[in-house]
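Observations on the three-dimensional arrangement
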Amino acid sequence: MKRRSTSGETENDLVARARGGDIDAFEALTRLHVRSVLRYAASVVTDRGSVEDVAQEVLLVAWRRRRDLDPERSLLPWLLVTTRHIAVATNRRAIRQEAGDLDTVNHLHQWERGQDRRAAAEELAHLREALDGLPQEDRDLVRLCFIEGLSYDEASAALGLTPPATRKRVQRIRGRLRSFRTATTGTQYEN
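These remarks concern the structure in this document. (Residues numbered from 1 in each chain as written. Predicted model: local features only at pLDDT ≥ 70, side-chain atom pairs only at ≥ 80, totals over all residues. Heavy atoms only, no water.)

Here we look at the packing of aromatic side chains
Two descriptors summarise a pair of aromatic rings, namely the distance from one centre to the other and the angle between the planes of the rings. In total, this model carries 1 aromatic pair according to the counting rule given. A cation sits over an aromatic face here: Arg 66 above Trp 63, 3.9 Å from the ring centre. (Phe/Tyr/Trp six-rings, centres within 6.5 Å; stacked < 30°, edge-to-face > 60°. Lys NZ or Arg CZ within 6 Å of the ring centre and 35° of its normal.)

Put into structure tokens, the structure is as follows:
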């Protein structure tokens, strides 16, 4: 799927221009992907006040590494991986900073929060395993609807499906993910 900017250029064209230092092309790429980066950062950082800082740092890294970007590939996966790395580093810095001056009771509370993080990491690993088991079209649907935030109608158009088929696929995907979680962890999602 080739995404187009508001100027009508494809994302690949913009990446090629940005690699050469074209600031306008980079700004167009930023407008194209900033919402996805912000949404993903918000799902990873523990301090909501850091979301915009993480997104800004991601874009700075993208600008500095622009010559390494591949104009034949979508920029979004690279941005999301970079977002994850920066958000995790931000979380670690925040934990170290908090731990520096905590008393014993707060240390216990921090340890309990760490337990929650480990459980979340295990759940994320199970989710990744379940997603890897989906057909490519279903993984694309998950990416478009749940990561990029497209509506079912927009995702339908992007994948060449009818909206009813997309809704049915999403319903089946959710069912498969619930079944997978129950089978691997013994816990069920609450509706």
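Focus: the side chain of Arg 66
Along the chain, the position of Arg 66 falls in the loop between α3 (51–64) and α4 (76–99). Although Arg 66 is buried, it forms no salt bridge, and the closest oppositely charged side chain is Asp 22 at an N-O distance of 9.6 Å. Of note is the side chain of Arg 66, whose polar atom sits 2.7 Å from the backbone oxygen of Trp 63. Non-local contacts of Arg 66, meaning those with residues more than four positions away in its chain, are made with Ala 18, Arg 19 and Gly 21. (Helix = DSSP H or I, 4+ residues; strand = E, 2+ residues; numbered from the N terminus. Buried < 20%, exposed > 50% of the residue type's maximum accessible area, 1.4 Å probe, protein only. Lys, Arg positive; Asp, Glu negative; His and termini not counted. Salt bridge = Lys/Arg side-chain N within 4 Å of Asp/Glu carboxyl O. Polar contact = N/O pair within 3.5 Å; in protein donor to acceptor, adjacent residues only side chain to side chain. Contact = heavy atoms within 4.5 Å.)

Here we look at the pattern of salt bridges
One pass over the full model with this rule turns up 7 salt bridges. One salt bridge in this structure joins Asp 22 and Arg 17, with 2.8 Å as the shortest N-O distance. Taking the relative accessible area as the measure of exposure, Asp 22 reaches 24% and is therefore partly exposed. Given the relative accessible area of 31%, Arg 17 is considered partly exposed. When the shortest N-O distance is used, the salt bridge between Asp 70 and Arg 73 registers 3.8 Å. Using a relative accessible area of 57% as the deciding quantity, one classes Arg 73 as exposed. Here the salt bridges share partners, and the residues they tie into one network are Glu 9, Arg 17 and Asp 22.

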